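# Working through the structure, step by step
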Amino acid sequence: LSLIDRLNAWQGEHEAKIKEQLRRLLAVLLKDPELVESKLQAALVWCTKNGYHRLVRVKEAGKVSDLVAALDLDRAMELSLIDRLNGWQGEHESKMKEQLRKLLAVSIKDPESQEATLRAAMAWCQQKGFSQLHAIKAAEEVTAFVMALGLQGSQARELAAKLSTWQESS
């Protein structure tokens, strides 16, 4: 396959994913299948026009409200969809959260501290644009990541060591 063919295949794959993700989110709010399809088409037009092929990118760019506004829903539905989209986790985000949970369990034993640190880690990753742990390592941001979590001493060293040797299958 040529590069153009591979890019087209990749784009088609992501468009199918975002279409299905949006359909599921809209179907929960809008019970009428015709209305779901109508709003789905409007959402896809907006996403295409604005260069988004993944919902996670819409969230990361802070454009959830813009996307929802393009659907011309009543205010209550808008707010509900904004909440759902902001709370939605894409497959990479869910995977990242699970990986971080495993990683943090190595050096943080208290469940409450783990959850607080997990929230901080997810926020840092989102702010920096990391959706996979190996990307932190590849970008040589392990130290910055550990420092951002406020870990010190043996916890910081253990976490940095584990992340430095992290494999996707870990």
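Here the structure is shown first, and the text comes after it.
Owing to the predicted nature of the structure, the values given are computational and were not obtained by experimental measurement. (Residues numbered from 1 in each chain as written. Predicted model: local features only at pLDDT ≥ 70, side-chain atom pairs only at ≥ 80, totals over all residues. Heavy atoms only, no water.)

### Some details on helix H10 (residues 153-164)
End to end, H10 covers 16 Å across twelve residues, agreeing with the expected 16 Å (1.5 Å per residue, within 8%). All buried positions along H10 are accounted for by Ala156, Leu159 and Leu163. Buried residues of H10 fall within an arc of 70° about the axis and therefore sit on the same side. (Helix = DSSP H or I, 4+ residues; strand = E, 2+ residues; numbered from the N terminus. Expected span 1.5 Å × (residues − 1). Buried < 20%, exposed > 50% of the residue type's maximum accessible area, 1.4 Å probe, protein only. Arc of directions from axis to C-beta.)

### Remarks on the pattern of salt bridges
This structure, assessed with the given rule, holds six salt bridges. Across the pair Arg101 and Glu98 runs a salt bridge whose closest N-O atoms are separated by 3.4 Å. With a gap of three residues between them, Arg101 and Glu98 both fall in helix H6 (residues 91-107), about one helical turn apart. Here Arg101 falls in the partly exposed class, since its relative accessible area comes to 28%. On the basis of relative accessibility, which here comes to 43%, the residue Glu98 falls in the partly exposed class. Residues joined in a network through salt bridges with shared partners are Glu20, Arg23 and Glu37. (Salt bridge = Lys/Arg side-chain N within 4 Å of Asp/Glu carboxyl O.)

### Let's talk about unusual backbone geometry
One non-glycine residue, Asp72, lies in the positive phi region at around 55°. For Asp72, a relative accessible area of 64% translates into the label exposed. Phi angles above zero are rare outside glycine, and Glu140 is one such case at about 55°. Within the secondary structure, Glu140 is located in the loop between helix H8 (133-138) and helix H9 (142-148).

### Side note on the nonpolar core
Leu22, Leu67, Leu81 and Leu85 are the most contacted members of the largest nonpolar core, which has 23 residues in total. Listing elements by their share of this core, those giving two or more residues are helix H1 (3-29), helix H2 (33-49), helix H3 (55-60), helix H4 (64-69) and helix H5 (75-87). Those residues within four positions of Leu22 in sequence are excluded, and the remaining contacts are Leu40, Ala43, Leu44, Cys47, Leu55 and Leu67. Counting 22 residues, the second largest nonpolar core, distinct from the first, contains Ile108, Val146, Leu149 and Leu151. (Core = buried A, V, L, I, M, F, W, Y, C linked by side-chain atoms within 4.5 Å. Contact = heavy atoms within 4.5 Å.)

### What about the side chain of Gln114?
Note on placement: Gln114 falls in helix H7 (residues 111-128). Apart from residues lying up to four places away in sequence, Gln114 is in contact with Leu104, Ala105, Ile108 and Lys109.

### Considering the environment of Leu22
Looking at the secondary structure, you find Leu22 in helix H1. Exposure remark for Leu22: the relative accessible area of 4% places this residue in the buried category. Here the alpha-carbon distance between Leu22 and Leu55, two residues 33 residues apart in the chain, equals 8.1 Å.

### A word on H2
Compared with an ideal rise of 1.5 Å per residue, which puts 17 residues at 24 Å, H2 spans 24 Å between its outermost C-alpha atoms and is within 8% of the ideal. Within H2, burial applies to Val36, Lys39, Leu40, Ala43, Leu44, Trp46 and Cys47. Projected down its long axis, H2 carries its buried residues within an arc of 160°, all on one side. Opposite the buried face of H2, at more than 90 degrees from it, the exposed residues are Glu34, Val45, Thr48 and Lys49. With a side-chain oxygen positioned 3.2 Å from the backbone nitrogen of Glu34, the residue opening H2 is Asp32. (Polar contact = N/O pair within 3.5 Å; in protein donor to acceptor, adjacent residues only side chain to side chain.)

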